[in-house]
Amino acid sequence: MAQLSYDATELGDWDSALLTFLVRVTSRAAEHGVEENRAGLPEGVRGLLRLSEAVSTKDDAGRGSSEKRFVTRVGLTTIEVTHGAHDMLVYLGEVAVALLRFVTGRASYRRADFWLAIQQAGVEAAPIVALVSFLMGVILAFVGAIQLQQFGAAIYVADLVGIAMVRDISALMTGIVMAGRSGAAYAAEIGSMQVNEEIDALTTIGVSPIEFLVLPRILALILMMPLLTIVSDAVSILGGMLVGVTMLDQSFIAYYLQTAGAVSLAHLIPGLIKGTVYGAIVGMAGCLRGMQSGRSSLAVGAAATSAVVTSIVLIIAAAGVFSVMSYRLGI
Amino acid sequence: MAQPAIRVRDVTMAYRDFVLMRDLAFDIQQSDIFVIMGGSGCGKSTLLRHFIGLKEPAKGEIFFGDVNFTTAEKDARDAILRKIGVLFQSGALYSSLTLAENVGLPIEEYVPELSPAEVREICSLKLALVGLNGFEDFYPSEISGGMRKRAGLARALALDPEILCIDEPSAGLDPISSKLLDELILELRDSLGTTVVIVTHELASIFDIATTSVFLDVNTRTMTALGPPRELRDHSPDSAVREFLNRGVVPGGVQ
């Protein structure tokens, strides 16, 4: 029988590269039924090889690397999606119950948490909402001016900016900003509480995490979003006005009167309703993803990402539904 | 002998299709310090989560006294959970509340008729019990890991529980703090008669305080030993149990 032996007398320093080579040699030798004699290897190398061979590979430890078939993948994804939809329904139900308990004054949450959430989703969010809205107003005014000037109707920039922002875009932009700001923060906060077993601790001391953590956050967003939408409306009209007055040679008064004539409560109220709905969406999606978060730092990041994606998708979908509704109803 | 505090009957624990442990059956006597031990990943903490209602057995039942916890309605379950205090591995303090508010949370939830001053008094007492007097208004992020754990214990003790569940008391603690925590647990058991269920694989701690223990074997996926740990160490018929309790060195064993 063939025998493999080593001569390491010339060997100076060695590291893991030698070991991986030897492991490969060993398995090759085993394949071909060659006996191996390690006597020539340094003692340290033999020790490490012994150590690496001490525990045989666990049969069920290897991850099946075989590609799953297409049908299997479709099936698994379908199951996953149904589970997701089911979880979301359960969560919606729980939030509804919590809201009911809040209305009847039986919900257990801390006033301080609620006011903190109000502050975070209100005053602290106002500057970024104002900045984005101002720029939106400026951009809309420029885009409109290019077209309207061709007809000598540049004054209608005021109508365009006013109606578009107040009816739709303010609420939409504010919703998206809040999804990135508060939605992600909620998911990350609640997700790291999940990692830290705080949610479990709340449950075991008889406090409903939905009432204690989710409710104040959703309520804060529902209450603050209409206010932020109004801020956005006002600032975006200022943005449009800046363009109108400085670039289109309109007078301040003319722009103001044109806007005041165009924008009415019939535009403002749908905008505020949309803002409120988007706020509810952001709050619920953020908290849902946080509650569903796994127990690792990676999972918390994924929860935050997923919260933003879910919020934005749902906001856009809701915006579509609102547009169709107002078209059908003729408002 | 008094009725056992907790009875576990043929419980199988599973995550969806993956069976973690099967056929668990044992009693936990009142005022026992009962240790659930076993290698990493064998389901010790999961078993503890079954006791506090965070997870349901895939099969079998858990009784508290003579109430079947597994089939009980929500009200009956809440009544049982009220008598259980839990200390989680990391303390699991709610980070936006001070220590006193954390300890006060379960009290406010279950005993709403107490005035804030009374709640505060109880919180101070519980914090003093675990050696944290004067730390009432600190936030969890401002104190050390060992202190957080003790504060978690104070919260677990807030409602004078009949059963105290502790997940890995010595994890992340230095030997001295861990020893002090053990002594605290013993002291509480002796003075209050609390039944203590501990999940740990810290041998020193097991031999110091446990009166009874159960060993969950990760290979056979069931419990392989039940009894006082010292007896199991020296006389268990199962070599895996003796190996575990002797840190892998079995006197006269096969190893």
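Residues numbered from 1 in each chain as written. Chains lettered and ligands numbered in written order. Predicted model: local features only at pLDDT ≥ 70, side-chain atom pairs only at ≥ 80, totals over all residues.

Draft legend 1. Molecular detail of the nonpolar core. Within the largest apolar cluster, 141 residues are counted, with the highest numbers of intra-cluster contacts made by C165(B) and V197(B). If you tally residues by element for this core, the top one is helix 6 (residues 157–195) of chain A, at 18 residues. When residues no more than four places from it in sequence are discounted, the contact partners of V197(B) are I28(B), F34(B), I36(B), L48(B), F51(B), I163(B) and C165(B). (Core = buried A, V, L, I, M, F, W, Y, C linked by C-beta atoms within 7 Å. Buried ≥ 20, exposed ≤ 12 C-beta atoms within 10 Å, placed from the backbone. Helix = DSSP H or I, 4+ residues; strand = E, 2+ residues; numbered from the N terminus. Contact = placed C-beta atoms within 7 Å.)

Draft legend 2. Up close: the pairing of strand 2 (residues 18–28) of chain B. Alignment of strand 1 (residues 6–15) of chain B against strand 2 of chain B, held across seven bridges, turns out to be antiparallel. The residue of strand 2 of chain B that forms the bridge with V8(B) is F26(B). (Pairing = 2+ DSSP bridges.)

Draft legend 3. Spotlight on unusual backbone geometry. Residue and element names in this part refer to chain B. Its identity as a non-glycine residue notwithstanding, S31 has a phi of 65°, on the positive side. In this fold, S31 is placed in the loop between strand 2 and strand 3 (33–38). Despite not being glycine, D160 has its phi angle at roughly 45°, a positive value. Considering the arrangement of structural elements, one finds D160 in the loop between helix 5 (145–156) and strand 7 (163–167). Here D160 falls in the exposed class, since 11 other C-beta atoms lie within 10 Å of it.

Draft legend 4. Summary view of the domain arrangement of chain A. The domains assigned to chain A are domain 1 (3–54) and domain 2 (95–329). Distance between the C-alpha centres of domain 1 of chain A and domain 2 of chain A: 65 Å. (Domains from an automatic or database assignment.)

Draft legend 5. Looking closely at the interface of chain B and chain A. Taken together, the contact pairs 16 residues of chain B with twelve residues of chain A. Here the side of chain B that touches chain A gets four residues from one element, more than from any other, and that element is helix 3 (residues 99–110) of chain B. Class assignment for the residues of the side of chain B that touches chain A results in ten nonpolar, three polar and three charged. (Nonpolar A, V, L, I, M, F, W, Y, C, P; charged D, E, K, R; others polar.)

Draft legend 6. Spotlight on the sheet that holds strand 2 of chain B. Residue and element names in this part refer to chain B. The strand order across the open sheet built from four strands is 2-1-4-5, with neighbouring strands paired in antiparallel fashion. The open sheet has two edge strands with one neighbour each: strand 2 and strand 5 (67–68). When strand 4 (residues 59–64) meets strand 5, the two strands line up antiparallel, connected through two bridges. The residue of strand 5 that forms the bridge with F63 is N68. Lying over the sheet, helix 1 (residues 44–51) contacts strand 1, strand 2 and strand 4, oriented at roughly 120° with respect to strand 1. (Axes fitted to C-alpha atoms, helices over the stretch in contact; angles between N-to-C directions.)

Draft legend 7. Local environment of the pairing of strand 10 (residues 222–227) of chain B. Note: strand 9 (residues 212–217) of chain B against strand 10 of chain B, five bridges, orientation antiparallel. Residue F215(B) lies in a different strand from strand 10 of chain B, and its bridge partner there is A225(B).

Draft legend 8. Expanded view of the sheet that holds strand 3 of chain B. Residues and elements named next belong to chain B. The strand order across the open sheet built from six strands is 6-7-8-3-9-10, with neighbouring strands paired in mixed fashion. Single-partner strands in this sheet number two, and they are strand 6 (84–87) and strand 10. Geometrically, the sheet is characterised by an average inter-axis angle of 15° between neighbouring strands, direction not taken into account. Two elements, strand 3 and strand 9, share five bridges in a ladder whose sense is parallel. Bridging from a neighbouring strand, M37 pairs with F215 of strand 9. With respect to the sheet, helix 5 is in contact with strand 6 and strand 7, its orientation differing from that of strand 6 by roughly 170°.

Draft legend 9. Layout of the confidence of the model for chain B. Residues and elements named next belong to chain B. Per-chain confidence: chain B averages 86 in pLDDT, with 97% of residues scoring 70 or above. Within chain B, the element-level pLDDT minimum falls on helix 9 (residues 239–245), averaging 85, and the maximum on strand 8 (residues 195–199), averaging 93. Note on the complex model: pTM 0.80, ipTM 0.80. (pLDDT = per-residue confidence, 0-100.)

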